[in-house]
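Next come the chains, spelled out residue by residue.
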Amino acid sequence: MKKTVTRLADGRELIYFDAHGDTAGAPGGAPVRDTVDRRPLDPVASASEIRHDPLLGEDVAIASHRQGRIYHPPADTCPLCPSTDGWQSEIPADAYEVVVFENRFPSLSGANGRCEVVCFTSDHKASFADLSEERAALVLAAWTDRTAELSARDGVAQVYCFENRGAEIGVTLAHPHGQIYAFPFVTPRTATMLRNAAEHRARTGRNLFDDVLERERAGERVVLRGEHWVAFVPYAARWPYEVHLYPTRRVPDLRGLDEAARDEFPRIYLELLRRFDRLFGPGEPPTPYIAAWHQAPTAHPEREAFALHLELFTVRRASGKLKYLAGTESGMGAFMNDVSPESAADRLREVASS
């Protein structure tokens, strides 16, 4: 892999990731990433504030500057496409493989964390499921690189890599991309998992994640199994179609994956995404989803007991029907699922690639 770090016109960092780092590995030579961003941009003026909710014990980011962010631009002015003679985007190059850059409208900034955008491909009409295995492996390498670098920064408590796909999820830029948040606090979901894991170990002497994975691997909700990864619909799934993808060897974050797991990941993950797009039959629009990497905090007494895993779920519950968060979910955090996890797993096995 070749990594090239440069700057945009307003000083934000931009990083190119290319699959081949030398001319021997890339026909025609490794790409030269020296195009300069010549847009007349003012320095980014953004400031987020972290406020603590004493009743829930949770932190909330206040980022009012994001009201002015780009919202559903036309395809010919997409800020994530490569630049052309007639349009200067966030990426100065005329082509790229994988690119990461600081978000111009971050929810977290300065001492309160950092937000980055990850562009998976320069093809505006593609999706992650359309990527080659080599490109998916490059995205995994980029996620891992950013996890390592952001985790080492002062004040960063947790690194979260994720993708939102589809207007139904609230995506405002159609180009295939994801995001990375470097939180200055441990997120509520992670804090809850860590607390439950500590209580489980005190009660049983065992690791909670290991026990969950062992139970699920032996059950009827397994969707896809490899040598180094296993995907299953969890016993108490909150969403109509929800899959958790675990490496079979527990590691706290992406940095801990060995080469065998990295090599197998693209095949497993791309198959999962393609199955999601086939869930509701031919002629249906692409399935909206959220793909979320759960990683251990950068420093926590229970860090090594945490298990890296990816959560993939859709808000579409049936053809033409969405699951909206109703009063129980939004008001009380009490989820009600209209699809049994067992039938969801059956369906995800039915739509396997032939």
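Residues numbered from 1 in each chain as written. Predicted model: local features only at pLDDT ≥ 70, side-chain atom pairs only at ≥ 80, totals over all residues. Heavy atoms only, no water.

(A) Looking closely at the pattern of salt bridges. Under the defined criterion, the tally for this structure stands at 36 salt bridges. In this structure, Glu-149 and Arg-146 form a salt bridge, with 3.2 Å as the shortest nitrogen-oxygen distance. Residue Glu-149 and its partner Arg-146 are both found in helix 1 (residues 133-151); the two are separated by 3 residues, about one turn of the helix. Taking the relative accessible area as the measure of exposure, Glu-149 reaches 28% and is therefore partly exposed. Across the salt bridge formed by Arg-278 and Glu-271, the nearest N and O atoms sit 3.8 Å from each other. Residue classification places Arg-278 among the partly exposed positions, given a relative accessible area of 32%. A network of salt bridges, in which partner residues are shared, links Lys-3, Arg-7, Glu-13, Glu-102, Arg-114, Glu-116, Asp-145, Arg-146, Glu-149 and Arg-153. (Salt bridge = Lys/Arg side-chain N within 4 Å of Asp/Glu carboxyl O. Helix = DSSP H or I, 4+ residues; strand = E, 2+ residues; numbered from the N terminus. Buried < 20%, exposed > 50% of the residue type's maximum accessible area, 1.4 Å probe, protein only.)

(B) Quick look at the nonpolar core. The biggest cluster of nonpolar side chains holds 53 residues, and the ones touching the most others in it are Phe-128, Trp-143, Leu-245, Tyr-269 and Trp-293. Every residue in contact with Leu-245, bar those within four places of it in the chain, is listed here: Trp-229, Val-230, Ala-231, Phe-265, Ile-268, Tyr-269, Leu-272, His-309 and Leu-310. Listed in part, the 14 residues of the second largest apolar core include Leu-8, Leu-14, Tyr-16 and Phe-101. (Core = buried A, V, L, I, M, F, W, Y, C linked by side-chain atoms within 4.5 Å. Contact = heavy atoms within 4.5 Å.)

(C) Summary view of the sheet that holds strand 8 (residues 177-183). If you walk across this open sheet you meet the 11 strands as 1-2-5-6-8-7-12-13-11-10-9, and the pairing is antiparallel. The open sheet terminates on both sides in strands that have one partner only, identified here as strand 1 (2-7) and strand 9 (222-225). Across the sheet, the mean angle from the axis of one strand to that of its neighbour is 20°, orientation sign disregarded. For strand 1 and strand 2 (residues 13-18), the ladder comprises 6 bridges, and the chain directions are antiparallel. Within the sheet, the bridge partner assigned to Lys-2 lies in strand 2 and is Asp-18. Its contacts with the sheet place helix 6 (residues 341-350) against strand 9 and strand 11 (241-247), and it is angled at close to 40° to strand 9. (Pairing = 2+ DSSP bridges. Axes fitted to C-alpha atoms, helices over the stretch in contact; angles between N-to-C directions.)

(D) Summary view of helix 2 (residues 188-204). For helix 2, spanning 17 residues, the distance from its first C-alpha to its last is 24 Å, which sits close to the expected 24 Å at 1.5 Å a residue. Along helix 2, the residues classified as buried are Thr-190, Met-193, Leu-194, Ala-197 and His-200. For helix 2, the buried positions fall inside an angular range of 125° around the axis, keeping them on one side. More than 90 degrees from the buried face of helix 2, the exposed residues found are Ala-202 and Arg-203. Packed against the buried residues of helix 2 are strand 7 (158-165), helix 3 (208-217), strand 12 (289-294) and strand 13 (309-314). Downstream of helix 2 by a residue or two, Gly-205 has a phi angle that is positive, lying close to 80°. (Expected span 1.5 Å × (residues − 1). Arc of directions from axis to C-beta.)

(E) Highlighting the state of the cysteines. Per the stated rule, a full pass over the model turns up 0 disulfides. Lacking any disulfide linkage, Cys-81 is separated from the closest cysteine sulfur, that of Cys-78, by 3.8 Å. Unpaired in this structure, Cys-119 has its nearest cysteine sulfur neighbour in Cys-78, at a distance of 7.7 Å. (Disulfide = S-S within 2.5 Å.)

(F) Here's a closer look at the packing of aromatic side chains. Scanning the model with the defined rule gives 19 aromatic pairs in all. Pairing Trp-143 with Trp-293 gives two aromatic rings, centres 5.9 Å apart and planes at 70°, and the pair type is edge-to-face. With Trp-143 in helix 1 and Trp-293 in strand 12, this residue pair connects regions lying 150 residues apart in the sequence. In this structure Trp-143 comes out as buried when scored by relative accessible area, which is 3%. With a relative accessible area of 2%, Trp-293 lands in the buried category. Within the aromatic cluster, the residues linked to one another by ring pairs are Phe-120, Phe-128, Trp-143, Trp-229, Phe-265, Tyr-269 and Trp-293. The ring centre of Tyr-235 lies 5.2 Å from the NZ or CZ of Arg-215, which sits over that ring. Directly above the ring of Phe-335 sits Arg-238, whose terminal nitrogen or CZ lies 5.7 Å from the centroid. (Phe/Tyr/Trp six-rings, centres within 6.5 Å; stacked < 30°, edge-to-face > 60°. Lys NZ or Arg CZ within 6 Å of the ring centre and 35° of its normal.)

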